[in-house]
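# Observations on chain architecture
The residues making up each chain are set out below.
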Amino acid sequence: MKRSEFVKTTGVLAAGLTIGRNVFAGQPKTGAALQSFEEFPVVRVAAGKRHFESELIEEAISTFGKNVPNRELAWLFNNCFPNTLDTTVTHTTIDGKPDTYVITGDIDAMWMRDSTAQVWPYLAFAKKDRKLQQLIAGVINRQARCIIKDPYANAFYNDPEKQGEWKTDSTDMKKGVHERKWEIDSLCYPVRLAYNYWKTTGDTAVFDGTYKEAITTILATFKDQQRKKSDGNYHFQRTTPHATDTLSMSGYGNPVNPVGLICSSFRPSDDATVFPFLVPSNFFAVKSLEQAAEIVKTIYKEQSLSNELLALAKEVKAALLKYAVTTHPVYGKVYAFETDGFGNHYLMDDANIPSLLAMPYLGTVSATDPVYLNTRRLVLSKANPFYYEGTAAAGIGGPHVGKDMIWPMSLIIRGMTSKDEKEIKYCVDTLRKTHAGTGFMHESFHKDDPAKFTRSWFAWANTLFGEFLWKVYTEKKHLLS
């Protein structure tokens, strides 16, 4: 796309992104490789104006750009992979410990899920980059404090006294909380980040008394939301015209049979669940409980607490195998997206992560599991009510932004969880063709018209796309031609 066409079709980009002459800001235009970028405008924040810079990440971007013949993909990687670092992080220290606040993009709030997912791709570089290591440690420290403040909240402000637009929600709303939608994954993602940070870097400094308190809070919250003896400590209602933004039954959601699964009032899309036992999130909880148990046993030397965590993981896993599997008339045995323990199942998938499609990506189900493979075929077909096929793309969306809107995230995860080279290449090529000339991923786009998209600044999708491209580059570089 020529510069004049770009300006005509997209106008001024959000998030302070500026248009310049050369896609690699700060680099001279020398050599054939860089000359070939001239048809693409600079949309990445200029060096010196970025929130955080890492030499190793810049080296990865340069390596990708020099070795990937498709200039548009190289340009997209340059824009998307560092987007979290460029635009969303605020890194400092509190009481001598690293602290990092991460906004999701165009919303000035830190989601527990998004903040983990946004820095996740940088973990692989953290062992050799002390600054990057401290940035991620700061996210872990911040998340632990957030969990202790309110384990049922999904998003927080940097200012602990701030009250935002949802302060009138009918729930136990606290200052400093942006939104209080109870989602299982809000407690799983922080464990995933801390555990893998420890395994990658060997650093255990983040595992102080505060983090141990966070783990015990997670355990207590999960047990509370098994709702074995009562409806639990959480309820939520909002005055809204959108049914997916509030809960029925006096704020507790639809009833469940207490079979050992954990209720999630909302999905990772921030939409209300129909049946509160959200299956991919319960699988995620099993994995997180096992990881937390290893942290507690190895670092804190707390065998009793470790046993409690493992016992709950075992209970939830057994309940999943008993209550989350159902038989579809075409696809056979599959995992339901949601269930209630009474025998009712909701067969669908949502683009957000955790999803049924994304379970191997999170390490919660094997990619070769026969039930997962059947489920994968189902969710990537018209049997999934939120799978859309259009002239621009085919992919999964969800109720959050409405009918016919495909989420790039679903295409990224489809590619990330596939071993089929044709499928991976389809995902790469489709994502390359549907950024609408902006150089970035979006929350969603219309199946027939990528220019109709939501959220021009969505750092999670950008960084996840960078993670996908880097994975393909390191494993199947020939697919990037």
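An account of the accompanying structure is given in this report. Note that this is a predicted model, so its numbers are computed, not measured.

### Remarks on the overall build of the protein
Across its full length, the protein carries 17 helices and 15 strands. Each of the three principal axes of the protein carries a C-alpha extent, and together these read 70 × 55 × 45 Å. The proportion of buried residues among the 481 residues of the protein is 60%. Of the contacts made within the protein by residues no fewer than 6 positions apart, 65% connect residues no fewer than 24 positions apart. When the accessible area of the protein is evaluated, it comes to approximately 18500 Å², of which 51% is carbon and sulfur surface. When the 57 positive and 53 negative side-chain charges of the protein are each reduced to one mean point, those points stand 4 Å apart.

### Let's talk about the packing of helix α8 (residues 130–149) against helix α10 (residues 209–224)
In the contact formed by α8 and α10, the axes pass within 9 Å of each other and the chain directions differ by 50 degrees. Taken together, the axes of α8 and α10 lie oblique to each other. Pair α8 / α10 crosses with left-handed handedness. In this structure, α8 contributes Ile 140, Ala 144, Arg 145, Ile 147 and Ile 148 to the contact, and α10 contributes Thr 210, Tyr 211, Glu 213, Ala 214, Thr 217 and Ile 218.

### Some details on helix α11 (residues 279–300)
Note: α-helices contain 3.6 residues per turn, so residues at a spacing of three or four share the same orientation. With 22 residues, α11 extends 30 Å between its outermost C-alpha atoms, agreeing within 8% with the 32 Å of an ideal straight helix rising 1.5 Å per residue. With 16 of 22 residues buried, α11 is to be regarded as a mostly interior element. Where α11 terminates, the next one or two residues include Lys 301, which has phi positive at roughly 60 degrees.

### Quick look at the sheet that holds strand β15 (residues 449–454)
Taken together, the three strands give an open sheet; going across it, the order is β13-β14-β15, and neighbouring strands pair in antiparallel fashion. Both edges of this open sheet fall to β13 (405–406) and β15, since each of them pairs with a single strand only.

### Points about the packing of aromatic side chains
In the structure shown here, the tally under the stated rule is 19 aromatic pairs. Plain terms: the ring middles of Phe 125 and Trp 470 are 6.0 Å apart, the flat faces sit at 50 degrees to each other, and that makes the pair tilted. One end of the pair, Phe 125, is in helix α7 (residues 123–126); the other, Trp 470, is in helix α17 (residues 459–476), and 345 residues separate them in sequence. Note on Phe 125: relative accessible area 12%, which makes it buried. Each ring, one from Tyr 189 and one from Phe 284, has its centre 5.1 Å from the other, and the planes form 90 degrees; the classification is edge-to-face. Separated by 95 residues along the polypeptide, Tyr 189 in helix α9 (residues 185–201) and Phe 284 in helix α11 bring together distant segments of the chain. Given the relative accessible area of 1%, Phe 284 is considered buried.

### A few points about the pattern of salt bridges
As enumerated under the stated definition, the model contains 34 salt bridges in all. Salt-bridge contacts for Arg 50 lead to Glu 53; the nearest nitrogen and oxygen are separated by 3.5 Å. Between Glu 475 and Lys 471 there is a salt bridge; the shortest N-O distance is 3.2 Å. One end of the pair is Glu 475 and the other is Lys 471, both in helix α17 and four residues apart, which spans about a single turn. By relative accessible area, Glu 475 is classed as exposed at 51%. By relative accessible area, Lys 471 is classed as partly exposed at 27%. Residues participating in the shared-partner salt-bridge network are Arg 44, Arg 50, Glu 53, Glu 58 and Asp 86.

### Remarks on the packing of α8 against α9
Where α8 contacts α9, the axes come no closer than 10 Å and their chain directions differ by 145 degrees. Considering only the axes of α8 and α9, their crossing is left-handed. In contact with Gln 133, Ile 136, Ala 137, Val 139, Ile 140, Gln 143 and Ile 147 of α8, α9 contributes Leu 187, Pro 190, Leu 193, Ala 194, Tyr 197 and Thr 201. For the contact of α8 with α9, a count of residues per class yields 10 nonpolar, three polar and no charged.

### A few points about the environment of Asp 369
Its location among the elements puts Asp 369 in the loop between α13 (359–362) and α14 (370–379). Separated by 3.2 Å, the side chain of Asp 369 and the backbone nitrogen of Val 371 make a polar contact.

### So, the layout of surface pockets
Within this model, the largest pocket holds a volume of roughly 480 Å³. In this structure, the largest pocket is lined by 27 residues; those nearest its centre are Ile 107, Ser 269, Asp 270, His 400 and Glu 443. Counting residues per element, the ones that place at least two in the lining of the largest pocket are α6 (112–119) and β5 (177–179). When the residues that make up the lining of the largest pocket are grouped by side-chain class, the tally is eight nonpolar, seven polar and 12 charged. In this structure, the second largest pocket encloses a volume near 270 Å³.

### Focus: the sheet that holds strand β4 (residues 155–156)
In spatial order, the strands read β3-β4-β5; together these three strands make up an open sheet with antiparallel pairing. Of all strands in the sheet, those bounded by a partner on one side alone are β3 (110–111) and β5. Two elements, β3 and β4, share two bridges in a ladder whose sense is antiparallel. Counterpart to Trp 111 in the pairing with β4 is Ala 155.

### Concerning unusual backbone geometry
Of note, the bond from Ile 353 into Pro 354 is cis; its omega dihedral lies within 30 degrees of zero at 15 degrees. With respect to the helices and strands, Pro 354 occurs in the loop between β10 (345–346) and α13. Of note in this structure, Lys 301 is not a glycine but carries a positive phi near 60 degrees. Among the structural elements, Lys 301 can be located in the loop between α11 and α12 (303–323). The class for Lys 301 is exposed, based on a relative accessible area of 65%. A positive phi angle, close to 70 degrees, is found at Asp 404, a residue other than glycine. One can find Asp 404 in the loop between β12 (394–396) and β13.

### Overview of the side chain of Ser 186
Inspection of the secondary structure assignment puts Ser 186 in helix α9. Dropping the residues within four chain positions of it, Ser 186 is found in contact with Met 112, Ala 153 and Asn 154.

### With respect to the environment of Asn 70
With respect to the helices, strands and loops of the structure, Asn 70 is situated in the loop between α3 (55–67) and α4 (71–80). C-alpha of Asn 70 to C-alpha of Leu 480: the two residues are 410 residues apart in sequence and 6.5 Å apart in space.

Basis of the calculations
Residues numbered from 1 in each chain as written. Predicted model: local features only at pLDDT ≥ 70, side-chain atom pairs only at ≥ 80, totals over all residues. Heavy atoms only, no water. Helix = DSSP H or I, 4+ residues; strand = E, 2+ residues; numbered from the N terminus. Buried < 20%, exposed > 50% of the residue type's maximum accessible area, 1.4 Å probe, protein only. Contact = heavy atoms within 4.5 Å. Areas by Shrake-Rupley, 256 points an atom, 1.4 Å probe, with all protein chains shown as cover. Lys, Arg positive; Asp, Glu negative; His and termini not counted. Charge placed at Lys NZ, Arg CZ, Asp CG, Glu CD. Axes fitted to C-alpha atoms, helices over the stretch in contact; angles between N-to-C directions. Parallel < 35°, antiparallel > 145°, perpendicular 65-115°, else oblique. Left-handed = near helix turned anticlockwise from the far one by under 90°. Expected span 1.5 Å × (residues − 1). Pairing = 2+ DSSP bridges. Phe/Tyr/Trp six-rings, centres within 6.5 Å; stacked < 30°, edge-to-face > 60°. Salt bridge = Lys/Arg side-chain N within 4 Å of Asp/Glu carboxyl O. Nonpolar A, V, L, I, M, F, W, Y, C, P; charged D, E, K, R; others polar. Polar contact = N/O pair within 3.5 Å; in protein donor to acceptor, adjacent residues only side chain to side chain. 1 Å grid on protein atoms, 1.4 Å probe; cavity = no way out; pocket = protein on both sides within 12 Å on 5 of 7 lines; lining within 4 Å. Points joined across faces, edges and corners; volume = space filled by probe spheres on them.

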